[in-house]
Amino acid sequence: MSPDRPSPVAVVVVDDSPVQRRFLRAAVEAEGDFAVVGEARNGREAVALVERLRPAAVLMDLDLPVMSGIEAIERIMSLHATPILVYSAFVAGANSENALEALAAGAVDVLAKPGPDDTGTLDEYAAVLRRKLRVAARVRVITHPRGRLRSQGLTGTAPSLGSATPRRPLAPAVQPCPEGRDAVRLVAVGASTGGPQALLTLLGQLPVDLDQAVLVVQHMAEGFIPGLASWLDGLVPMPVVVGESGRRLVPGTITIAPSGGNLLVQDDRLRVLCTPPEPGQFHVPGIDASFESVARALGPAAVGVLLTGMGRDGAAGLLALRGRGALTLGQDEATSAVYGMPAAAQALGAVEHQLPLDQIAPALLTALGRVHQ
Amino acid sequence: MPDDHGRGPSPRPRGLPPEALAGLREAFAGEVASRLPRLMQLLDGPPGPDALRDAHALGSSAVVVGENDASRTARALEAELGGAADPAELHRLVRELVAELGSWVPA
């Protein structure tokens, strides 16, 4: 789109319900900055339309006939990577694992269709849709191999997407932590947009007998974190739990920061405290808050990892970690769904090693003195 | 204020341009006309291949036009179809849904 002559952003909507397609069209075209260039009634039509029309974004339901939404996302992301915003009733509450599956397949974000007990107006909901579409359409998505591999019968649930890509030589100059340096006890990971898929790749490469505790802070709405934990727990070697105030982070266990506030590491015994968000805090749970607490509590006995995401949350926290002597790793631009947070951290000088996604775990294991393949 | 990451507020059919609202109601009438008869077949036999999808779609679409009671019934029907599928409960829910949505079907 030329900045001199702005034209509406092309969107394809995918839903088997004519009511939903009509609502989506009315909603996204209401302010003139989007144009629905195609409508698909099932996943197969969606894949074909995206290939033919090459829209800037796709708005997609998950419960689709002929070909499911998840399969359609996988195919689109493997063939013609396009920002996809999922709009489905199957992503809320007990179905939140579907949201994670969609995000892992390559969708940029998810939005739940309203239910009969929700409150609000159609105009408000349309405004949310447009706002999310504006963000989604700006995301520079990357091709995902899973759909292609699955179509070739080469993989099932892809516990580690990183393993689906050809392994490159270990590039980083990450060395085992020198003797005398505090033994690393905690790996703190922050992620936002594109995070679930990136987390799957990273955490899928960590062994079940890891000596360190792992803390994950993923920006996510209230109610989705238990689904994220459950979903990851079924796909990665280490057990995954949701953090709770007063409990400790446990070696060999991945703890996900709960939604609704910030998870702080209180001391070197790895006890955690969940606190309300700061006034005006936009991203919840906050990565900066967690990383800064880890820096205070553990200093060089921690490793900080900042993955894909929009905005700059985590950058200051990673800088605090580096300032206290912790190893800090950032995801590189080429493999980030959104090179926002890692870029902000890089600009601050917070990133000691900037790496492709599939090389972060090997580098981490090298630093921890673990042998990796 | 809508939740920017998850569930948003329920759309009620107000605030849209009249032509958009009319279009939604027209589309919903069409959807009821196609899906409700298939669900009514549950009164005469086991669930067909589209029953679950029909109940799900009506549950979501009904909210768009303000038929929230029908949406609840459709979602209960969807849950029943996805679970025990007790025939008596299916029949009760189908009859309830017909009562709530029957006026959308052209005479």
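Going by the structure above, here's the rest.
Conventions we followed
- Residues numbered from 1 in each chain as written.
- Chains lettered and ligands numbered in written order.
- Predicted model: local features only at pLDDT ≥ 70, side-chain atom pairs only at ≥ 80, totals over all residues.
- Heavy atoms only, no water.
- Helix = DSSP H or I, 4+ residues; strand = E, 2+ residues; numbered from the N terminus.
- Buried < 20%, exposed > 50% of the residue type's maximum accessible area, 1.4 Å probe, protein only.
- Contact = heavy atoms within 4.5 Å.
- Pairing = 2+ DSSP bridges.
- Axes fitted to C-alpha atoms, helices over the stretch in contact; angles between N-to-C directions.
- Arc of directions from axis to C-beta.
- Core = buried A, V, L, I, M, F, W, Y, C linked by side-chain atoms within 4.5 Å.
- Polar contact = N/O pair within 3.5 Å; in protein donor to acceptor, adjacent residues only side chain to side chain.

K.L.:
Please give an account of the overall build of chain B that cites residues and values.
P.N.:
The secondary structure content of chain B amounts to four helices and zero strands. In sequence order, the secondary structure elements of chain B are arranged as α-α-α-α. For chain B, buried positions account for 44% of its 107 residues. Residue pairs at least 24 apart in sequence account for 60% of intrachain contacts in chain B once pairs closer than 6 positions are excluded.

K.L.:
Can you tell me about the sheet that holds strand E13 (residues 327-331) of chain A, naming the residues and giving the values?
P.N.:
Residue and element names in this part refer to chain A. An order of E8-E9-E7-E6-E12-E13-E14 is seen for the seven strands of this open sheet, with the pairing classed as parallel. Each having just a single partner strand, strand E8 (240-242) and strand E14 (353-355) make up the two edges of the open sheet. Across the sheet, the mean angle from the axis of one strand to that of its neighbour is 20 degrees, orientation sign disregarded. Strand direction decides the pairing type here: E13 and E14, joined by three bridges, are parallel. When the bridges of E14 are listed, Leu 329 appears paired with His 353. Of the strands in this sheet, strand E6 (186-191), strand E7 (213-218), strand E9 (254-256), strand E12 (302-306) and E13 touch helix H7 (residues 195-203), which is tilted by about 165 degrees from E7. Where helix H9 (residues 287-298) meets the sheet, it contacts E6, E7 and E12, and its direction lies at approximately 165 degrees from that of E6.

K.L.:
Go over the sheet that holds strand E1 (residues 9-14) of chain A with me, naming the residues and quoting the values.
P.N.:
Residues and elements named next belong to chain A. Taken together, the five strands give an open sheet; going across it, the order is E2-E1-E3-E4-E5, and neighbouring strands pair in parallel fashion. With partners counted over all chains shown, the strands left at the sheet margins are strand E2 (34-40) and strand E5 (109-112), one partner each. Strand-to-strand twist in this sheet, taken as the mean axis angle between neighbours without regard to direction, amounts to 25 degrees. Here E1 pairs with E2 via six bridges, running parallel. The partner of Val 9 across the bridge, within E2, is Phe 34. Of the strands in this sheet, E1, E2 and strand E3 (57-60) are in contact with helix H2 (residues 43-53), which crosses E2 at around 135 degrees.

K.L.:
Before we move on, can you summarise the pairing of strand E11 (residues 272-275) of chain A with the specific residues and values?
P.N.:
Residues and elements named next belong to chain A. Sheet topology places strand E10 (residues 262-265) next to E11; four bridges connect them, and they run antiparallel. In the sheet register, Leu 264 faces E11, and the bridge partner there is Leu 273. Hairpin connection between E10 and E11: a loop of six residues separates the two successive antiparallel strands, and Leu 270 in this loop has a positive phi of roughly 65 degrees.

K.L.:
If you had to explain helix H11 (residues 341-348) of chain A to someone new, which residues and values would you point to?
P.N.:
Residue and element names in this part refer to chain A. All of the buried residues in H11 are Met 341, Pro 342, Ala 344 and Ala 345. Relative to the axis of H11, the buried residues are bounded by an arc of 160 degrees and lie together on one face. Lining the buried residues of H11 we find E6, H9, E12, helix H10 (315-323) and E13. Note on H11: the residue one or two positions beyond its end, Gly 349, has a positive phi of about 80 degrees.

K.L.:
Got a sec to walk through the environment of Val303(A)? Specific residues and values, please.
P.N.:
Its place among the elements puts Val303(A) in strand E12. Residue contacts for Val303(A): discarding those within four places in its chain leaves Val184(A), Leu186(A), Val187(A), Ala188(A), Leu327(A), Leu364(A) and Leu368(A).

K.L.:
Which residues make up the environment of Val19(A), and what values do they have?
P.N.:
With respect to the helices and strands, the residue Val19(A) is situated in helix H1 (residues 18-28). Taking relative accessible area as the criterion, Val19(A) reaches 0% and is therefore assigned buried. Each C-alpha atom, one on Val19(A) and one on Asp209(A), is 51 Å from the other, the two residues being 190 residues apart in sequence. When near neighbours in sequence (up to four residues on either side) are disregarded, Val19(A) contacts Leu24(B), Ala27(B), Phe28(B), Glu31(B), Ser61(B) and Val64(B).

K.L.:
Give a description of the nonpolar core that names residues and reports values.
P.N.:
Looking at soluble globular proteins, one finds that nonpolar side chains tend to be buried together. In terms of nonpolar packing, the biggest core is built from 76 residues, with Met60(A), Ile73(A), Leu203(A), Val214(A) and Leu307(A) touching the most fellow members. The element contributing the most residues to this core is helix H12 (residues 357-367) of chain A, with seven residues. Here Leu203(A) is in contact with Val214(A), Val216(A), Leu232(A), Val236(A), Pro237(A) and Ile254(A), once residues within four sequence places are set aside. Within the second largest apolar cluster, 45 residues are counted, among which are Tyr87(A), Leu122(A), Leu24(B) and Leu36(B).

K.L.:
Give me the lowdown on the side chain of Ser336(A), citing residues and values where you can.
P.N.:
Its place among the elements puts Ser336(A) in the loop between E13 and H11. For Ser336(A), the side chain forms a polar contact with the main-chain oxygen of Asp332(A), separated by 2.7 Å.

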